[in-house]
Amino acid sequence: MQSADQLPASSCIGELPFTGPAAVALLFCGWRSEGLLLKRIGFLLIGMIALTASGAGMTARMPLSFAEPYSGKKVNNYQVTLPVARSEKRLFMIPEACEAAMSSFASGASQWGTRVEQRMWWKVRGDCQYYGFLYRFPKMPSEDYVSSYDFMNAYLRDIPMGARCAALENPASIPGCEPFPPGVPDLSRLLPFVDRGMETPRIDVSPCQMQNGIFRGRVIQDKDGVHCEADLSAPGFRVISVNYADVNGDGYLDVVLRLIPLGRHAGRMPLILPLTRKDPNGVFTVPTGTVLPEVPGNQ
Amino acid sequence: MHKLMRIFSTHPWWVVFVLFVLSLLSSVQIGNVRIQISAEELLVMDDPERRIFEEMRARFGDDELVLVLLQDEQLLEKEKLEAVKLFITEVEALPFVGKTESLFSVPHLKTVEGFLDKEPYLASVPASDQKARELLDQALINPFVEHVLLSPDAKVMVVAVILNEQGIDDLSVTEAIDGHLSGLKSQFGDAFAIGSPYVRTEITQKIRQEQSRLFPLAIAALLIALFLLLRQLIDIITPILTAGISILWTLGLMGLLDIPLNIVTSTVPILLIVVGSTEDIHLLSEFRHGQKDGLKTQQALQRMSRKMGRTVLLTFITTYAGFLSVGVSRIEVLWQFGFLASTGLLFNFLVTISLVPALLSLTGRWRLDGGSRLFGKVNLTLAKKYWIWLEQNRKKVFVLFGLCTLVAVAGFPGIHVNHHAIDSLGDDSRARRHLETVNEKLAGLESFSVILDSGIEDTFLKVRYLEELREIQDYIREAGLSKSTTSFVDYLALLNGAFQELENPELPYSDDVVDELMLFLNYERIRAYVSEDYSSARIVVRHNISSTRQLQEYIEDLHAFVDSNLDPGLDVRISGNSVLALSATHAMISGQLQSILLLLVFFVIIISLLFMDLRVGLLASIPNIFPVIVLFGVMGYADIPLNIGTAMAAAIAIGIAVDDTMHFMLRYNQEIKASKSQSGAMHLTIYEEALPVVSTSVALIAGFLVFALSGFEPLAQFGMLSALVIGTALVADFTITPLVISTLRLVTLWDLMSSRLRQQIIPRSQLFKGMRQWQIRKFILSSTVLEFSPGETVFKRGDESEELFLVMEGLVEVSIPISSGPDKTLVVDQFGTGELFGDVAMLAMERRRTNAVAIAPTSILVLTRESINNTTNFHPFIASRLFLNLATDVSKRWVKFIVKLRKETKKIDREEEEAKDAER
């Protein structure tokens, strides 16, 4: 397996876009590259130019969080060696080398390697798509009504609960039961659904709230409509990252939640839930015209 | 052999010179002898199980480790943890240490802010007692920690030091670890390190101690025994000298062939001291007998060579076979022992037959004392009285031995097997105590593995097959076989539990989830449990079962469960050190039985060939089977296990014990030819053999009892049991052996082979006319050959007529006493080579009416009425030919007698006529 230290310096240029982290990586590559001092200085200069260019007219990109392959720890970027042909492997720095990675993926690289490596290709693809989704519109948005909200301790009533309301006669008229655009995850599907019927007396109408990004509980449907009930022993979900970007280019800052389901039968691929609002006290909705990346579980 | 010994006795200085040169050459190699203790030596060579084990090690790895056990009521106090952390840092810096595993390194799999956190349990010191308690509780959920690195009561913590493959020197390892450990001893209630390097180091140290302690003791025991029994300075020094030279040569051979000293081979020098002395004692005893009978040195040496040469050769062969038969075992250490000990004995034999005659030739006349004291008063009369008493109580003796045999056999079911390297060490062993603590507080240091192999890539990434692994683990836990089993499933369950933020580890429910989890799993963490292509998986079962039988039952049970419950597509094997030890146990038991059987068969064949009668061989084995039965009975009753030491006891001790039987039988054979009376021959045999047999047995018992002082339990048991066998064989040799062999008429093969005359005369004799060679031989084997000097009476008038005689060489005169004077006789006839006499009275069943006297040195074949009757009963064809020949011979003699009578009558008539003529 090839490590970063063993990479030829030329591979740095081939894979890294002109972004802030990429520029830092170029500086690193130049410093670690083998050969003449002149060559090293050349790389350092290119890195510094790239670093300067990355800040001009671009969105101030906040670092993203990824789960590092094999260790699982939270990182802003990671290296991964993946097969690109029957007997060829390449090291990719994600998200900096996402373009190269996606290009390899598109050319069928994910068919090579072991089952775990094939699966790893899908993780890289998911991470890169998320990265691309966030920074599709580099222009800085002018309106921000989302960043003041504490999404790690959000009330579920503020977050759309989606298609769980499909059983109702006129779901679209009930708050929280508006249909989601395609690919947007329905959080209520991650929670057990309890149908108490219209006659069932209301038990608890207190609002459910996430605690440090976690909510465990169940969705209840009764005469008061759809609401939820917190229960630490029940399945749920966890917000693993909260990122801000204008994902649909409408000039309003959006929030993008990455969530993972919790519970015995839950998968581990993070789900992406973009939300926005256009006034400080409005409800959060899915930004219009959002084209979500194809993430398993996001539907 | 006789001629060879004569040559040595006539060229003593040459013998001394050659032995000196060879000893000098051997001493050069002694420096190359090394002490090496390894678990592999206790295993079976070329064992298919071992191949499986090696494959498993290659696939999953199996590093050697040392456990550092720390015991305290408050394990997680800050000062203690800092001391442990320092210890780990220091130990990991040691060149032979690969890594350490402890709560400081084992990942505590959990989710922090939605991301996996693999920080070790003790990444930081717990802030409070409550936090410490919580941390220990969480650690105990982890199957890789509970019973492995932490005791369930959280009072014992372990740091596992994993050693590098290269350059591991046990002493350096233990000293270095102990050096760093000393800092922890003051912090914890108890702190020690244990592992294979510690066990091996202790065994190595003990071997050194044993060699320096037991070797002088063995020599002292032998000297005391020899001094008490022989009281001749030369006789005391000689066995020590021959043993010393053979030990030197054996050690030289070990150095040359790179055979190390280990628990078993380290006993060879002491055994050579003990066993090697026996032949010397027999030779010396015979020499002193000769001197006592008034022979000069060279004459006594000649007699010693003649009488003892072949006996010493035969007894060497049986003892050699006894030691060599231990090598039949497929266990490496026993094979090494069998080879070394038997070769050492061969050296001892060569040194003995050359040095003893040479030394006696030079110093034999130095009689520094009057002879043996202890048996000085054992005279012929006492031997005779003893034999008479024994004969009178024949039935009682047999009944007593029969009862003893039954009681011993009843003890057989109590025999059990124990093949644990740690049991080599005594109860006072530090390593053993530490190991017992590990076994008590944790899951134990022993382990075996269950290997599941599908041969298909990614099999163990599927929940269906992971559940198969889990099923086996559940079965093992429920059966109570082990406190700790770990597998890939456990790690995956921990990972899944952490990801799903579950309270307890849980196996993923779908293959998809497994695949997702695999993205966050470092293969190096699980390479001990699953192959890189996930086609095979391993369950490590740690246990503290010391009983081989119990372990055997558990493993058989596990095999049965696996065979009946698991997917038939999976190839399941159970391997590991414990399984190899079980395999070695089987090899040891079968090797033990093979050794004993081989030896007894060998002995029966030798004796049968020697005496040309299978019955003799079978009967002679009785006194030697008896001690084996007693040995196993005592093992059963005294709860002495069959182990690496006791497995050797029976074969070795029997190999030695048969020597005495052999000496007894060969002596009896010599005596019966000389004394012409079975009873006389027997008490002469007892008289002649009492000193050497008792001396050698006492010396052997004393020597073997030295082993009883060994710190190695199997060796101590080996010593005690061997002494028991020698003692029992001694009793049997003076009771069962005389009673058994007195019922047989012994004609040795040598008797037949050495007399070419008999080969030529017998077939031409009228008695055997028309018989085939094998029929003649069969008949002769039921007869006895007696030697007569000129003038010696063969029979006299009035004797019972129980035999007929065939002159093989010489001349016998048969005469009738006449009434005219006491010394006057009428010569009836003279019988020369090939002629038969004494048959008429025997067939007529009347007492002898004639006297028969040898008139030249004569050798006579004696056929008893009993043997003729037996031939009539069992071999009618031979009998019919025999009686026809007898009738022909009697008729011929009758015709001859009538012719002679007629001549005599004519002569008398003529004399009477001449007398009448004279009167006229």
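Small disclaimer: the values here were computed from a predicted structure and weren't measured.

Enquirer: Could you clarify how one ought to interpret the overall build of chain A in this entry?
Expert: Counting secondary structure elements, chain A contains 5 helices and 10 strands. Scored against the burial criterion, the 299 residues of chain A give a buried share of 38%. Pairs at least 24 apart in sequence give 58% of the contacts found in chain A among residues at least 6 apart.

Enquirer: Looking at this structure, I do not really get the overall build of chain B. What am I missing?
Expert: Each helix and strand counted, chain B has 30 helices and 18 strands in total. Evaluated residue by residue, chain B yields a buried proportion of 48% over its 920 residues. For chain B, the share of sequence-separated contacts (at least 6 apart) that also reach a separation of at least 24 residues comes to 80%.

Enquirer: Mind showing me how you'd approach helix H5 (residues 129–141) of chain B here?
Expert: Residue and element names in this part refer to chain B. In a regular helix each residue adds 1.5 Å, so 13 residues correspond to 18 Å; H5 covers 19 Å between its end C-alpha atoms and thus fits that length. Every buried residue of H5 is accounted for by Ala-132, Leu-136 and Ala-139. Projected down its long axis, H5 carries its buried residues within an arc of 60°, all on one side. Those residues of H5 that are exposed and aimed more than 90 degrees away from the buried face are Gln-130, Glu-134 and Asp-137.

Enquirer: Just checking my understanding: could you explain the sheet that holds strand S1 (residues 65–71) of chain B for this structure?
Expert: Pairing between the strands of a sheet comes from backbone hydrogen bonds, and it takes one of two forms, parallel or antiparallel. Residues and elements named next belong to chain B. Taken in spatial order, the 4 strands line up as S2-S5-S1-S6 in an open sheet, and their pairing is antiparallel. Two strands in the sheet have a free side with no partner beyond their single neighbour: strand S2 (97–101) and strand S6 (190–195). Strand-to-strand twist in this sheet, taken as the mean axis angle between neighbours without regard to direction, amounts to 20°. Of the strand pairs in this sheet, S1 and S6 are connected by 6 bridges, and their pairing is antiparallel. The partner of Leu-70 across the bridge, within S6, is Ala-191. Together, S1, S2 and strand S5 (156–163) form the strand contacts of helix H4 (residues 78–92), whose direction differs from that of S2 by roughly 155°. Across the face of the sheet, helix H14 (residues 430–441) comes into contact with S1, S5 and S6 while running at roughly 100° to S6.

Enquirer: Just to check I follow, could you spell out the interface of chain A and chain B for this structure?
Expert: For an interface, size is often stated in terms of accessible area lost upon the parts coming together. Contacts between the two partners involve 25 residues from chain A and, on the opposite side, 23 residues from chain B. Residue contributions to the side of chain A that touches chain B peak at 5 residues, all from helix H5 (residues 115–134) of chain A. When its residues are assigned to classes, the side of chain A that touches chain B shows 11 nonpolar, 6 polar and 8 charged.

Enquirer: I tried to follow the sheet that holds strand S15 (residues 825–831) of chain B on my own but got confused; where do I start?
Expert: Residues and elements named next belong to chain B. Ordered in space as S12-S17-S14-S15, the 4 strands form an open sheet in which the pairing is antiparallel. The sheet terminates laterally at strand S12 (793–795) and S15, the two strands that pair on one side only. Each strand of the sheet is rotated relative to its neighbour by a mean of 30°, with strand direction disregarded. Sheet analysis places strand S14 (residues 812–817) next to S15, joined by 6 bridges and oriented antiparallel. Its bridge partner lying in S15, Glu-813 is registered against Gln-830.

Enquirer: What am I meant to see in helix H9 (residues 268–292) of chain B here?
Expert: Owing to its 3.6 residues per turn, the α-helix brings residues three or four apart onto one side. Residue and element names in this part refer to chain B. Taking 1.5 Å of rise per residue, the 25 residues of H9 would be expected to cover 36 Å, and the 36 Å separating its terminal C-alpha atoms lies within 8% of that figure. Remark: the principal bend of H9, roughly 30°, maps to Thr-278. With 23 of its 25 residues buried, H9 lies for the most part within the structure. Directly after H9, the chain includes Gly-294, whose backbone phi takes a positive value near 95°.

Enquirer: What is the right way to read unusual backbone geometry from this model?
Expert: For residues that are not glycine, phi is negative in most cases, and the peptide bond is trans in most cases. Cis geometry marks the peptide bond from Ile-94 of chain A to Pro-95 of chain A; its omega dihedral reads 15°. Inspection of the secondary structure assignment puts Pro-95 of chain A in the loop between strand S4 (88–94) and helix H4 (98–106). Phi is positive for Glu-501 of chain B, which is not a glycine, with a value near 55°. Assignment of secondary structure puts Glu-501 of chain B in the loop between helix H16 (488–500) and helix H17 (511–518). Residue class for Glu-501 of chain B comes out partly exposed when judged on the 17 C-beta atoms lying within 10 Å of it. Positioned with a positive phi, Tyr-534 of chain B is a non-glycine residue whose angle comes to about 60°. Of note, Tyr-534 of chain B is situated in the loop between helix H18 (523–526) and strand S9 (536–543).

Enquirer: What am I meant to see in the nonpolar core here?
Expert: Soluble globular proteins tend to pack their nonpolar side chains together in the buried interior. Residues and elements named next belong to chain B. The biggest cluster of nonpolar side chains holds 292 residues, and the ones touching the most others in it are Val-725 and Ile-726. Once you skip the residues sitting within four places of it in the chain, Val-725 turns out to touch Pro-627, Leu-631, Ala-649, Ala-650, Ala-653, Ile-654 and Ala-657. Counting 28 residues, the second-largest nonpolar core is a separate cluster that includes Phe-768, Phe-795, Leu-836 and Met-842.

Enquirer: What's the story with the environment of Pro-857 of chain B in this structure? I'm lost.
Expert: Residues and elements named next belong to chain B. Along the chain, the position of Pro-857 falls in the loop between strand S17 (851–854) and strand S18 (858–864). The partly exposed category is assigned to Pro-857, around which 13 C-beta atoms lie within 10 Å. Apart from the residues lying within four places of it in its own chain, the contact partners of Pro-857 are Ser-789, Pro-790 and Gly-810.

Enquirer: When you look at the packing of helix H10 (residues 297–326) of chain B against helix H20 (residues 577–611) of chain B in this model, what are you seeing that I'm missing?
Expert: Any two packed helices are characterised by how steeply their axes cross, that is the angle between the axes, and by the distance between the axes. All names here are of chain B. Contact pair H10 / H20: the axes reach a minimum separation of 9 Å and the direction vectors enclose 160°. Between H10 and H20, the angle is such that the two are roughly antiparallel. In terms of crossing hand, the pair formed by H10 and H20 is right-handed. Side by side, H10 and H20 meet where Leu-314, Thr-318, Ala-321, Gly-322, Ser-325 and Val-326 of the first sit next to Ser-595, Leu-598, Leu-599, Phe-602, Phe-603 and Ile-606 of the second. In the contact of H10 with H20, the residues fall into 8 nonpolar, 4 polar and no charged.

Enquirer: For this particular structure, what's the right way to read the confidence of the model for chain B?
Expert: Detailed reading of the predicted model is not advised wherever pLDDT is low. Residues and elements named next belong to chain B. Per-residue pLDDT for chain B has a mean of 81; in total, 91% of the residues score no lower than 70. Confidence scores differ between elements of chain B, with helix H25 (residues 749–754) showing the lowest mean pLDDT of 49 and strand S8 (residues 484–486) the highest of 92. This model gives residues 370–377 a pLDDT under 50, and the stretch forms 15 contacts once residues within four places in sequence are excluded. Model confidence for the complex is summarised by a pTM of 0.68, with the ipTM given as 0.73.

Enquirer: Even after reading the chapter, I still don't get the environment of Glu-787 of chain B, so can you show me in this structure?
Expert: All names here are of chain B. Here Glu-787 lies in strand S11 (residues 784–788). Owing to 16 C-beta atoms within 10 Å, Glu-787 belongs among the partly exposed residues under this scheme. Linking Glu-787 and Glu-809, residues 22 residues apart in sequence, is a C-alpha distance of 9.4 Å.

Enquirer: Please explain the pairing of strand S8 (residues 236–245) of chain A as it appears in this structure.
Expert: Residues and elements named next belong to chain A. Counting buried positions over the 10 residues of S8 gives 8, a clear majority of the element. With 9 bridges joining them, S8 and strand S9 (residues 254–262) adopt antiparallel strand pairing. Each bridged residue has a counterpart across the sheet, and for Val-242 the counterpart in S9 is Leu-257.

Enquirer: Could you clarify how one ought to interpret the environment of Ile-162 of chain B in this entry?
Expert: Residues and elements named next belong to chain B. Note on placement: Ile-162 falls in strand S5. Along the sequence, Ile-162 and Glu-101 sit 61 residues apart, while their C-alpha atoms lie 7.6 Å from each other. Leaving out residues up to four positions away in the same chain, Ile-162 has contacts with Asp-63, Leu-65, Gly-98, Lys-99, Thr-100 and Glu-101.

Enquirer: Honestly, the packing of helix H15 (residues 463–479) of chain B against H16 of chain B in this entry has me stumped. Any pointers?
Expert: Residue and element names in this part refer to chain B. Packing of H15 against H16 brings their axes to within 9 Å, and their N-to-C directions diverge by 110°. By the angle class used here, H15 and H16 are roughly perpendicular. Contacts between H15 and H16 involve Leu-466, Leu-469, Arg-470 and Gln-473 from the first element and Phe-488, Val-489 and Leu-492 from the second. The residue makeup of the contact of H15 with H16, split by class, is 5 nonpolar, 1 polar and 1 charged.

Enquirer: I'm lost on the confidence of the model for chain A in this one. Help?
Expert: Residues and elements named next belong to chain A. Confidence along chain A averages 73 in pLDDT terms, with 65% of residues attaining 70 or more. Counting contacts from residues 1–36, a segment whose pLDDT is below 50, to residues more than four positions away or on other chains yields 67 contacts. Low confidence marks residues 43–59, where pLDDT is under 50. Its contacts with residues over four positions away, or in another chain, come to 32 contacts.

What counts, and where the lines are drawn
Residues numbered from 1 in each chain as written. Chains lettered and ligands numbered in written order. Predicted model: local features only at pLDDT ≥ 70, side-chain atom pairs only at ≥ 80, totals over all residues. Helix = DSSP H or I, 4+ residues; strand = E, 2+ residues; numbered from the N terminus. Buried ≥ 20, exposed ≤ 12 C-beta atoms within 10 Å, placed from the backbone. Contact = placed C-beta atoms within 7 Å. Expected span 1.5 Å × (residues − 1). Arc of directions from axis to C-beta. Pairing = 2+ DSSP bridges. Axes fitted to C-alpha atoms, helices over the stretch in contact; angles between N-to-C directions. Nonpolar A, V, L, I, M, F, W, Y, C, P; charged D, E, K, R; others polar. Bend = angle between axes of the 7 residues up to and from the residue. Core = buried A, V, L, I, M, F, W, Y, C linked by C-beta atoms within 7 Å. Parallel < 35°, antiparallel > 145°, perpendicular 65-115°, else oblique. Left-handed = near helix turned anticlockwise from the far one by under 90°. pLDDT = per-residue confidence, 0-100.

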